[in-house]
Amino acid sequence: MKKKYFSKSHLCYSLLSSLPLLLALPIAFGSTLNRTPIILDDDGSQDGMNAWAYILQNPKFEVKAMTISQGLARPQIFGNNVMRMLAGLGITGIPVAVGRETPLSGNNTFPDAFRADTDTFWAPFTNLPDQALETVDQRSAAQLLVDTINQSPEPVEILMTGSATNIADALTIDPSIAKKISRLEIMGGAVFVPGNLREHLDPILKQNLVSEFNIWIDPVAAQKVFSAGLPISLTPLDATNQIGFTRADQAAWKATGTPESILASQLLDYALTNISGNDPLIPNPAWDLVAAINLSEPSFCQPTPLRIEVNTDGKPEVNQGQTLAIPNQPPNTNVCLNPSLANLPFSSQELFSNKAKPHSVPEANSGLGLLAAAAWSGAITWLGGGTRP
Ligand SMILES: [Ca+2]
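Residues numbered from 1 in each chain as written. Predicted model: local features only at pLDDT ≥ 70, side-chain atom pairs only at ≥ 80, totals over all residues.

Student: Before we move on, can you summarise the overall build of the chain with the specific residues and values?
Tutor: When its secondary structure is counted, the chain shows 14 helices and 10 strands. Looking at the chain as a whole, 47% of its 389 residues qualify as buried. Counting contacts in the chain only where the partners sit at least 6 residues apart, residues at least 24 apart contribute 80% of the total. (Helix = DSSP H or I, 4+ residues; strand = E, 2+ residues; numbered from the N terminus. Buried ≥ 20, exposed ≤ 12 C-beta atoms within 10 Å, placed from the backbone. Contact = placed C-beta atoms within 7 Å.)

Structure representation (structure tokens):
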């Protein structure tokens, strides 16, 4: 007679008896899972901080450093804002450094009104703690980039959602970092669609019909980055024009109730109110968040390999900063041209739900992960935790 080793009740007993160990597994996994090391580089934009919030709560990534580029931000001012933002999120231990205050070349600048809102971190839509828990790293942004990349045992990804100034400076300090960057995801440029300077009321800027702000703000730096042989993935206006976030997303993110989701909700509120005209029919593209999704989710967009070069010689009010797709040349960039939120394994309203769903913490793509996931699911039921969403 064959002995039945594992009855259902036996399995339940086994699970319960090892519950303390199994419950600890997801925590242990949090630090040892194959998280991709990443550096976040932004110019102090509300959509950039949405992108940062998304990456910070995303179990696929481990944020190794944050750097602030000139653009919307006056980096010295915005560095302190970021430290207070991190205090509000309860996050410590990530070095934050600021870059130079001006472009490598030229004097293109964002309109002052935009920069004033960045200086105040979009108050009163957001409400930062008065005190930071840590101070800004004393190294330059470029030096922090170089040190972080060189000290990482694995290649590092970078999400660049502002000017290319800091990355270009880092490549000047140590060109060898190019070989240790596994992917540089850029939000910037307008390849086959009009630019966004033209949308501004400034009588000079609006004459430029072809350039996008992040590239235009420091075109020499951008061209240096595009020609450095990096594995670049570009999320240009071509892609972001097709994506929109709504008041329904804002409400859902707020309801998710994590520090990151609430911050994202506040920043989207600012954008819908002040950038999209507070019209319920006009969603907000949250440009930098789209690039972050493109970096995280392979199903989001099928990339198109293209040779991208930046116009550095034109007049700022004509075509300087234009991203050109050069035909019949070896590609240097994987360009996202047709993204779709419908391709994601979750809805846009669930973008910030990673920390809110305990069962999603263990990754089920390994044997131990499956065990941990099963135990976690069992524990939730056992604890009377109710239904899984
Ligand atoms: Ca940005």
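Let us keep going from here.
Student: Could you give me a rundown of the packing of helix α6 (residues 141–151) against helix α7 (residues 165–173), with the residues and numbers involved?
Tutor: To describe two helices that pack against each other, one gives the angle between their axes and the distance between the axes. It is the contact of α6 with α7, at a shortest axis distance of 8 Å, that shows an interaxial angle of 60°. In this view, α6 runs oblique relative to α7, as classed from their interaxial angle. Regarding α6 and α7, the two cross each other, and that crossing is right-handed. Contacts between α6 and α7 involve Ala-141, Ala-142, Gln-143, Leu-145 and Val-146 on the former and, on the latter, Asn-166, Ile-167, Asp-169, Ala-170 and Ile-173. For the contact of α6 with α7, the residue count by class is 7 nonpolar, 2 polar and 1 charged. (Axes fitted to C-alpha atoms, helices over the stretch in contact; angles between N-to-C directions. Parallel < 35°, antiparallel > 145°, perpendicular 65-115°, else oblique. Left-handed = near helix turned anticlockwise from the far one by under 90°. Nonpolar A, V, L, I, M, F, W, Y, C, P; charged D, E, K, R; others polar.)

Student: Go over the sheet that holds strand β10 (residues 333–336), please, and point to the residues and values.
Tutor: An order of β3-β2-β1-β4-β5-β6-β10-β7 is seen for the 8 strands of this open sheet, with the pairing classed as mixed. Strand pairing shows two members of the sheet lacking a second neighbour, β3 (96–98) and β7 (303–306), which therefore form its edges. Neighbour to neighbour, the strand axes of the sheet diverge by 25° on average, direction disregarded. Two elements, β7 and β10, share 4 bridges in a ladder whose sense is antiparallel. (Pairing = 2+ DSSP bridges.)

Student: Now, about unusual backbone geometry: what can you tell me, with residues and values included?
Tutor: Cis geometry is found at the peptide bond from Ala-123 to Pro-124, where omega equals 5°. Along the chain, Pro-124 falls in the loop between α5 (112–119) and α6. Phi angles above zero are rare outside glycine, and Phe-121 is one such case at about 55°. C-beta crowding within 10 Å serves as the criterion here: with 24 such atoms nearby, Phe-121 is assigned to the buried category. Positive phi is not limited to glycine here, since Asn-278 has a value of about 55°. Within the fold, Asn-278 resides in the loop between α12 (259–274) and α13 (287–296).

Student: Tell me about the environment of Ser-261, residues and numbers included.
Tutor: Considering the arrangement of structural elements, one finds Ser-261 in helix α12. Distance in space between the C-alpha atoms of Ser-261 and Leu-89 is 9.9 Å, their sequence separation being 172 residues. Aside from chain neighbours lying at most four places away, what touches Ser-261 is Trp-253, Thr-256 and Phe-352.

Student: I'd love a proper account of helix α11 (residues 247–256), names of residues and values included.
Tutor: All buried positions along α11 are accounted for by Asp-249, Gln-250, Trp-253 and Thr-256. Projected onto a plane normal to the axis of α11, the buried residues spread over an arc of 120° and lie on a single side. Looking at the packing, one finds that the buried side of α11 touches α12. Looking at the residues trailing α11, positive phi occurs at Gly-257, about 80°. (Arc of directions from axis to C-beta.)

Student: Can you explain the environment of Leu-56? Please cite residues and give values.
Tutor: Relative to the assigned elements, Leu-56 resides in helix α3 (residues 46–56). Taking the number of C-beta atoms within 10 Å as the measure of exposure, Leu-56 has 23 and is therefore buried. For Leu-56, the contacting residues outside a window of four places in its chain are Val-63, Leu-89, Ile-91 and Glu-260.

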